[in-house]
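So you can see what is in the structure, the chains are spelled out below.
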Amino acid sequence: MPPLNKVNTSGEELFMELASDTRRDILKKLYESDLKLSKIASELDLSLQEAHRNISRLSRLGLVEKSKDNSFAISSFGKIIFNQLAPFDFLLGNENFFKKHSTDDLPRKFIERLGELRNSTLVCGVGPVFERWKKMAKEAKSCINIVTNQYPLDVATIMISRVKEGVKFSSIFAENIEVPKVRDEILKKSGWTKMISDGIVKRRMLETVKVCTTVTDTEACVFFPDLTGQTDLISSFFSKDEQFVEWCNDYFHYQWQRAKSFDDTKLLKY
């Protein structure tokens, strides 16, 4: 059955109507399943009158249609629009974070896919971030891929131990990344050179890195730079969501294709 009272609308009108949290929440509920008006009102804590008013506005836009059993369903057009709202919802849900952080270093195709990061948790604080980061490395089953401009020794030590256990490790370092001199001794003891020759460890290097990510076979995290361009390592999005992991993995492989051969002499050792 076609949407009720459908009219042609401008992009401006569509955007204004969907600026409402309530109407976006209704679309989300209907995207998951058809619902009757009373159920929509109950699940979203709305009065019947308020639910009907918002449903009518969505229907007028051609986003919602009424089924034969008097339940409401999202239309095909509504599904398309709902999926396009994902980046907007992600950014709006993390408004305070993105007012202080930048995505300027990201290629446009990854900015357009930011909605894929929506099912994630923003972890803040040195302790919580590093503990979650280390836990992710410990739980990696077959691979760890990392793009970074920082070298937290305790996180790196765990990753090295996982490589010794057979987990494949691919890294992209920024040139002039600062690493402690003790790193050389740790790598020597771990048999790092043999791991590289065996293909378990792969390394490349970029001139600059601002957006950092770590991806395992089950989880990923991403760090964005602040407004000065410095990567913020005390605020990170973590998730095991399939789309989130795919976004981070695609970003890693994008950077891998751009990166050059690893040059140990460009590391700054302290």
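Residues numbered from 1 in each chain as written. Predicted model: local features only at pLDDT ≥ 70, side-chain atom pairs only at ≥ 80, totals over all residues. Heavy atoms only, no water.

Novice: Explanation requested: the nonpolar core in the structure shown.
Specialist: Judged by nonpolar contacts, the single largest core of 41 residues is most densely connected at Trp133, Met159, Phe169 and Trp192. Going through the elements one at a time, α9 (126-139), β4 (143-148), α10 (153-164), β5 (168-174), α12 (192-197), β7 (201-206), β9 (220-223) and α13 (242-258) are the ones with two or more residues in this core. Here this core gets six residues from one element, more than from any other, and that element is α10. Ignoring anything within four residues of it in the chain, the contact list for Met159 reads Trp133, Ala137, Ile144, Ile146, Phe169 and Thr214. Counting 21 residues, the second largest nonpolar core, distinct from the first, contains Leu37, Ile40, Leu46 and Phe82. (Core = buried A, V, L, I, M, F, W, Y, C linked by side-chain atoms within 4.5 Å. Buried < 20%, exposed > 50% of the residue type's maximum accessible area, 1.4 Å probe, protein only. Helix = DSSP H or I, 4+ residues; strand = E, 2+ residues; numbered from the N terminus. Contact = heavy atoms within 4.5 Å.)

Novice: Quick question: what am I supposed to make of the confidence of the model for the chain here?
Specialist: Do not read the predicted coordinates in detail wherever pLDDT is low. Averaged over every residue, the pLDDT of the chain is 91; the share at 70 or more is 96%. Counting interchain partners and residues more than four positions distant, the pLDDT-below-50 stretch residues 1-7 has 17 contacts. (pLDDT = per-residue confidence, 0-100.)

Novice: Help me out: how do you make sense of the side chain of Ser71 in this one?
Specialist: Summarising the element assignment, Ser71 is placed in the loop between β1 (64-66) and β2 (72-74). Looking at Ser71, its side chain comes within polar contact range of the side chain of Asp69, at 2.6 Å. Once residues lying within four places of it in the same chain are set aside, the contact partners of Ser71 are Asp34, Leu35, Lys36, Glu65 and Lys66. (Polar contact = N/O pair within 3.5 Å; in protein donor to acceptor, adjacent residues only side chain to side chain.)

Novice: Just to check I follow, could you spell out the layout of surface pockets for this structure?
Specialist: One simple way to see leftover space: roll a probe sized like a water molecule over the atoms. In this model, the largest pocket occupies a volume close to 340 Å³. Taken together, 13 residues form the lining of the largest pocket, with Lys28, Phe82, Asp89, Phe90 and Arg118 sitting closest to its centre. Elements with a contribution of two residues or more to the lining of the largest pocket: α2 (21-32) and α6 (86-93). Of the voids in this model, the second largest pocket is the one considered here, and its volume is about 280 Å³. Each residue belonging to the lining of the second largest pocket can be placed in one class, and the counts come to five nonpolar, seven polar and four charged. (1 Å grid on protein atoms, 1.4 Å probe; cavity = no way out; pocket = protein on both sides within 12 Å on 5 of 7 lines; lining within 4 Å. Points joined across faces, edges and corners; volume = space filled by probe spheres on them. Nonpolar A, V, L, I, M, F, W, Y, C, P; charged D, E, K, R; others polar.)

Novice: Explain the environment of Val201 to me, please; I cannot follow it from the model alone.
Specialist: Relative to the helices and strands, Val201 resides in strand β7. Classification of Val201 as buried rests on a relative accessible area of 2%. The spacing of Val201 and Gln255 is 54 residues in sequence and 17 Å in space, taken between C-alpha atoms. Beyond its immediate sequence surroundings of up to four residues, Val201 is in contact with Val163, Phe169, Trp192, Met195 and Ile196.

Novice: Just checking my understanding: could you explain the pairing of β7 for this structure?
Specialist: Here is the key point about a regular strand: its side chains alternate between the two faces of the sheet. Here six bridges tie β5 to β7, and the two strands are oriented parallel to one another. Across the sheet, residue Ile172 finds its bridge partner in β7, namely Arg204. Pairing between β7 and strand β11 (residues 260-261): two bridges, direction antiparallel. Residue pairing across strands places Met205 opposite Lys260, the latter belonging to β11. (Pairing = 2+ DSSP bridges.)

Novice: Can you help me understand empty space enclosed by the protein in this one?
Specialist: Under the counting rule described, the total for this entry stands at one cavity of 30 Å³ or more. If you trace the largest cavity, you find 17 residues lining it, with Tyr151, Ala156, Met159, Phe169 and Phe173 closest to the centre. Listing elements by their share of the lining of the largest cavity, those giving two or more residues are β4, α10, β5 and α11 (182-190). Sorting elements by how many residues they give to the lining of the largest cavity places α10 first, with four residues. Class assignment of the residues belonging to the lining of the largest cavity gives a composition of twelve nonpolar, three polar and two charged.

Novice: Hey, could you run me through α6 in this one?
Specialist: Because an α-helix completes one turn every 3.6 residues, residues spaced three or four positions apart along the sequence face the same direction. Three or more residues of α6 are buried, namely Ala86, Pro87 and Phe90. The arc that holds every buried residue of α6, seen down its axis, measures 100°, which confines them to one face. Those residues of α6 hidden inside the fold are in contact with α5 (76-84), α7 (95-98) and β10 (235-239). (Arc of directions from axis to C-beta.)

Novice: Help me out: how do you make sense of α11 in this one?
Specialist: Every buried residue of α11 is accounted for by Arg183, Leu187 and Ser190. Take α11 and look down its axis: the buried residues cluster within an arc of 65°, on one side only. Among the exposed residues of α11, those pointing more than 90 degrees away from its buried face are Lys188 and Lys189. Following α11 by one or two positions, Gly191 adopts a phi angle in the positive range, close to 75°.

Novice: I would appreciate a short explanation of the pattern of salt bridges in the present structure.
Specialist: Working definition: two side chains of opposite charge can pair if their charged atoms are close together. Applying the stated criterion across every chain, the model contains 23 salt bridges. Among the ionic contacts, a cluster of salt bridges with common partners joins Arg183, Asp184, Asp264 and Lys269. (Salt bridge = Lys/Arg side-chain N within 4 Å of Asp/Glu carboxyl O.)

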